[in-house]
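The chain contents come next:
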Number of protein chains: 2
Amino acid sequence: MSGFVLRVRKSLSATLILVIAVFGLAGAHAQSDPLPSWNDGPAKLAIFAFVKDTTDKSSSKYIEPADRIATFDQDGTLWTEHPIYAQAAFALARVGEMAPQHPEWKQKEPFKSVLARDNAAMAKFSEADWLQIVAVTHAGMSTEAFQKIVKDWLATAKAPRFDRPYTDLIYQPMLEVMKYLRTNGFRTYIVTGGGQEFVRVYSEKVYGVPPEQVVGSSIATTYDNKSGKPVLMREPKVFFIDDGPGKAVGINLFIGKRPQAAFGNSGGDAQMLEWTQAGDGARLMMLVLHDDAKREYAYGPASGLPDTHVGTFSDALLLEATKNSWVVISMKNDWKRVFSFDP
Amino acid sequence: MSGFVLRVRKSLSATLILVIAVFGLAGAHAQSDPLPSWNDGPAKLAIFAFVKDTTDKSSSKYIEPADRIATFDQDGTLWTEHPIYAQAAFALARVGEMAPQHPEWKQKEPFKSVLARDNAAMAKFSEADWLQIVAVTHAGMSTEAFQKIVKDWLATAKAPRFDRPYTDLIYQPMLEVMKYLRTNGFRTYIVTGGGQEFVRVYSEKVYGVPPEQVVGSSIATTYDNKSGKPVLMREPKVFFIDDGPGKAVGINLFIGKRPQAAFGNSGGDAQMLEWTQAGDGARLMMLVLHDDAKREYAYGPASGLPDTHVGTFSDALLLEATKNSWVVISMKNDWKRVFSFDP
């Protein structure tokens, strides 16, 4: 890993080096540390330098509070995405709950493999297979009914390995960054490939991010007022995919302003970081590298970590990060704690 | 018009009558009047009663500031939409500017009629005709290039009849309502059938509404980073129509919260008002009726006004308004001034 750390350190900008020189690591601790779960190091300093640059009125990089925007990918950036995305676990659980009303599923793929808990078959599901599963589990009900189903599932479901609710598996250091940015006048948006309506169920409670600041993928909805009590019905039809280039599209569509800071962890976040960096003034682009098998999971394949095909951080992404001075966060080295329940 | 006014007065809710009884019209004037361009009457009182109900902590209808949302249609609700929508005027002007590069347009409809300024033919344009015009005038460039074209056009274009910039034709009483609601902790959103990117060019300057609070219709955009400087290219393909039932869909998609107040002026706003009213607690639904040919325009056809097919306020909409206690704003009777330049 030393080669990797060296590359990260080399990517420190001149600004950052100046901050270290002038303020030293101690400077950040003069008042109570807003990022107590972060080890002192380049990642933590990059965050401090960015906030100082953008909020100090005497800085040429000062940004008016109304324009301070930071965007965060969710899966793998704010919470655990392994062994499968929480929303995929939700969909599979729903198939199980709905199976008694669908006896034909026992003979019909992809449902047959889900009901047989055939992990090997599920690992090979195509996009078309997943779309079938999403269609039956995420559509055919009102938005309100869907939100209730998600809420009920979150209240009882347990994540593998940790045997805790999924919403316990939020990264404590990232919560601190979100809070620190908000304290400094930034609005924190979630920009996720996951379902917008799904994430909105818990985003305010878990992240302090209100529904209007959740940008995500969505299916089409249809207005229905036949009963005199209007509802929005969820249709089995993709409306918007907020992933990869779609994240830049989604940011423009939903926010209409360019973020100054963006946080991701995989190839699906590259365009969000590129779009963020293309603006003027101070910019902060960060990527979480999952290199901590002990406290969470280790996967890449960048830096020789295993490729597990969920939240892939490729060598190409690492090269782009290095070339563009994006800061790579090593979970293992940069985070004192991963979860709030860690010692 | 007396029959119409009677119907409006009959639609006053019990709360409103109570407010009149307890506070009287003078109550609203105890401090400086936040709605000086409004005549005293049921519309003005409905606004005061709503704000009092939702912001008084001792009220059972109190709403937390973070949840205070008000949505406003634009064309015909916040600014003049006659004789044609400003954005349609923009598109037609663009056809003229682009014509030298498109000699074939002289023989090709719908461009031929536009270039010949054949108003009779243009009045009969189908949706397909308008889509062709939008495709050539609104697509094929980056979002930034489009915004610049709109900005430049707004700086020089003059609205018919008034011979003033389009952005002068904002209704002063509605600006006062937006400001009054914001002063009381509401976030004011524009929810328009017009183009989201078009409106965002001037919404902050003109209405005090930032880009992230503009929900509108949009065409598809595509991320392009071939040059190393990423752009979003506007494609000649409809992505979302924020009109009629689409306004309820758009509110859920972009805001994810139900507004407590909604303002419109035509059939395209009915579902927004229905969706707003379907929530619990205090609700305010208002419709602007253009019954003032002297100061602006008069069209309906509700209340016997002429039907001009732009921003139609039908008898069916008036019936729905009456049935649901939506408050109809008479431009003629409720507004002291229409525009800031009125005496």
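Residues numbered from 1 in each chain as written. Chains lettered and ligands numbered in written order. Predicted model: local features only at pLDDT ≥ 70, side-chain atom pairs only at ≥ 80, totals over all residues. Heavy atoms only, no water.

Remarks on the pattern of salt bridges
- The full count for this structure, using the stated rule, is 28 salt bridges over all chains.
- Salt-bridge contacts for B:Lys44 lead to B:Asp33; the nearest nitrogen and oxygen are separated by 2.5 Å. Of this pair, B:Lys44 sits in helix H3 (residues 42–55) while B:Asp33 sits in the loop between helix H2 (14–27) and H3, and the two are eleven residues apart along the sequence. Accessibility classification places B:Lys44 together with B:Asp33 in one group, the buried group.
- B:Asp67 is paired through a salt bridge with B:Lys257; the nearest N and O atoms lie 3.3 Å apart. With a gap of 190 residues between them, B:Asp67 in the loop between H3 and strand E1 (69–72) and B:Lys257 in the loop between helix H12 (245–254) and strand E5 (261–264) connect regions that are remote in the sequence.
- Using a relative accessible area of 34% as the deciding quantity, one classes B:Asp67 as partly exposed.
- For B:Lys257, a relative accessible area of 12% corresponds to the buried category.
- The network of salt bridges with common partners includes A:Asp67, A:Arg187, A:Lys257 and B:Glu212. (Salt bridge = Lys/Arg side-chain N within 4 Å of Asp/Glu carboxyl O. Helix = DSSP H or I, 4+ residues; strand = E, 2+ residues; numbered from the N terminus. Buried < 20%, exposed > 50% of the residue type's maximum accessible area, 1.4 Å probe, protein only.)

Some remarks on the interface of chain B and chain A
- The interface of chain B with chain A comprises 35 residues on the first partner and 35 residues on the second.
- Contact with chain A buries area across many residues of chain B, yet B:Glu212, B:Tyr223 and B:Leu253 alone supply 22% of it, more than any other trio.
- Our count for the contact surface shared by chain B and chain A stands at six salt bridges.
- A salt bridge links B:Arg187 to A:Glu212; its shortest N-O distance comes to 2.5 Å.
- Joining chain B to chain A, the criterion identifies 22 residue pairs in polar contact (both at pLDDT 80 or more).
- Of all the elements in the fold, those that place two or more residues in the side of chain B that touches chain A are helix H8 (143–156), strand E2 (187–195), helix H10 (196–200), strand E3 (214–224), strand E4 (231–240), H12 and helix H13 (270–277) of chain B. (Contact = heavy atoms within 4.5 Å. Buried area = accessible area lost by both parts, 1.4 Å probe. Polar contact = N/O pair within 3.5 Å; in protein donor to acceptor, adjacent residues only side chain to side chain.)

Side note on the sheet that holds E2(B)
Residues and elements named next belong to chain B.
- With mixed pairing, seven strands are arranged side by side in an open sheet as E4-E3-E2-E1-E5-E6-E7. One side of each edge strand has no neighbouring strand; the edge strands of this open sheet are E4 and strand E7 (327–330). Put simply, the sheet's adjacent strands are angled 35° from each other on average, direction ignored.
- Of the pairings in the sheet, the one linking E2 to E3 comprises three bridges and is parallel in character. Counterpart to Ile190 in the pairing with E3 is Val214. (Pairing = 2+ DSSP bridges. Axes fitted to C-alpha atoms, helices over the stretch in contact; angles between N-to-C directions.)

Details of the sheet that holds strand E4 (residues 231–240) of chain A
Residue and element names in this part refer to chain A.
- Taken in spatial order, the seven strands make up an open sheet running E4-E3-E2-E1-E5-E6-E7, and their pairing is mixed. A single partner strand is all that each edge strand has here, and the edge strands are E4 and strand E7 (327–330). Within the sheet, the average angular offset between the axes of one strand and its neighbour, ignoring direction, is 35°.
- By the bridge criterion, six bridges tie strand E3 (residues 214–224) to E4 in an arrangement that is antiparallel. Within E4, the position partnered with Thr222 by the bridge is Met233.

Focus on the packing of aromatic side chains
All names here are of chain B.
- For the coordinates displayed, the defined rule picks out 46 aromatic pairs over all chains.
- With a centroid separation of 5.9 Å and 75° between ring planes, the pair formed by Trp38 and Trp335 is classed as edge-to-face. Residue Trp38 is located in the loop between H2 and H3, and its partner Trp335 is located in the segment after helix H15 (331–334); the two are separated by 297 residues in the primary sequence. Each member of the pair, Trp38 as well as Trp335, carries the same accessibility label: buried. (Phe/Tyr/Trp six-rings, centres within 6.5 Å; stacked < 30°, edge-to-face > 60°.)

Quick notes on the pairing of strand E6 (residues 284–289) of chain B
All names here are of chain B.
- Among the six residues in E6, six count as buried, and that is most of the element.
- A two-sided burial pattern is seen for E6, the buried positions comprising Leu284, Met286 and Val288 on one face and Met285, Leu287 and Leu289 on the other.
- Strand direction decides the pairing type here: E5 and E6, joined by four bridges, are parallel. Residue Ala262 lies in a different strand from E6, and its bridge partner there is Met285.
- Regarding topology, H13 serves as the crossover connection from E5 to the parallel E6, and that connection is right-handed.
- Pairing between E6 and E7: four bridges, direction parallel. (Right-handed = clockwise from strand over helix to strand, strands pointing away.)

A word on the relation of the copies chain B and chain A
- With an RMSD of 0.0 Å, the fit of chain B onto chain A corresponds to turning through 180° and sliding 0.0 Å along the axis. On the angle and the small slide along the axis, the relation comes out as a two-fold axis. When C-alpha distances to the rotation axis are compared across chain B, the minimum falls at B:Phe254, with a value of 3.2 Å.
- Both copies share a contact surface, since 100% of the interface residues of chain B are interface residues in chain A too. (Least-squares fit on C-alpha atoms with pLDDT ≥ 70 in both.)

What about the nonpolar core?
- Judged by nonpolar contacts, the single largest core of 59 residues is most densely connected at A:Phe254, A:Phe313, B:Phe254 and B:Phe313.
- Apart from residues no more than four positions distant in its own chain, A:Phe313 is found in contact with A:Asn265, A:Leu287, A:Val288, A:Leu289, A:Gly300, A:Pro301, A:Ala302, A:Leu318 and A:Val328. (Core = buried A, V, L, I, M, F, W, Y, C linked by side-chain atoms within 4.5 Å.)

Details of a nonpolar patch on the surface
Residues and elements named next belong to chain A.
- Judged by side-chain polarity, Leu131, Val238 and Ile241 come together as a nonpolar surface patch covering roughly 250 Å² of accessible area.
- Along the polypeptide, Val238 turns up in strand E4.
- By relative accessible area, Val238 is classed as partly exposed at 40%. (Patch = residues over 30% accessible without salt bridge, like charges linked within 9 Å, V, L, I, M, F, W, Y side chains within 5 Å. Areas by Shrake-Rupley, 256 points an atom, 1.4 Å probe, with all protein chains shown as cover.)

Examining the packing of helix H4 (residues 86–98) of chain A against helix H8 (residues 143–156) of chain A
All names here are of chain A.
- For the pair H4 and H8, the least separation of the axes is 11 Å and the interaxial angle reads 100°. The angle between H4 and H8 places the two elements in the roughly perpendicular class. Every residue of H8 that contacts H4 at Ala86, Ala89, Phe90, Ala93 and Arg94 is listed here: Phe146, Ile149, Val150 and Trp153. (Parallel < 35°, antiparallel > 145°, perpendicular 65-115°, else oblique.)

Quick look at the confidence of the model for chain A
Residue and element names in this part refer to chain A.
- Counting all residues, the mean pLDDT for chain A is 92, and 91% of those residues have values of 70 or more.
- Contacts of residues 1–18 to residues separated by more than four positions or lying in other chains number 23 contacts, the stretch itself having pLDDT below 50.
- Scoring the predicted complex yields pTM 0.91 and, for the interface, ipTM 0.91. (pLDDT = per-residue confidence, 0-100.)

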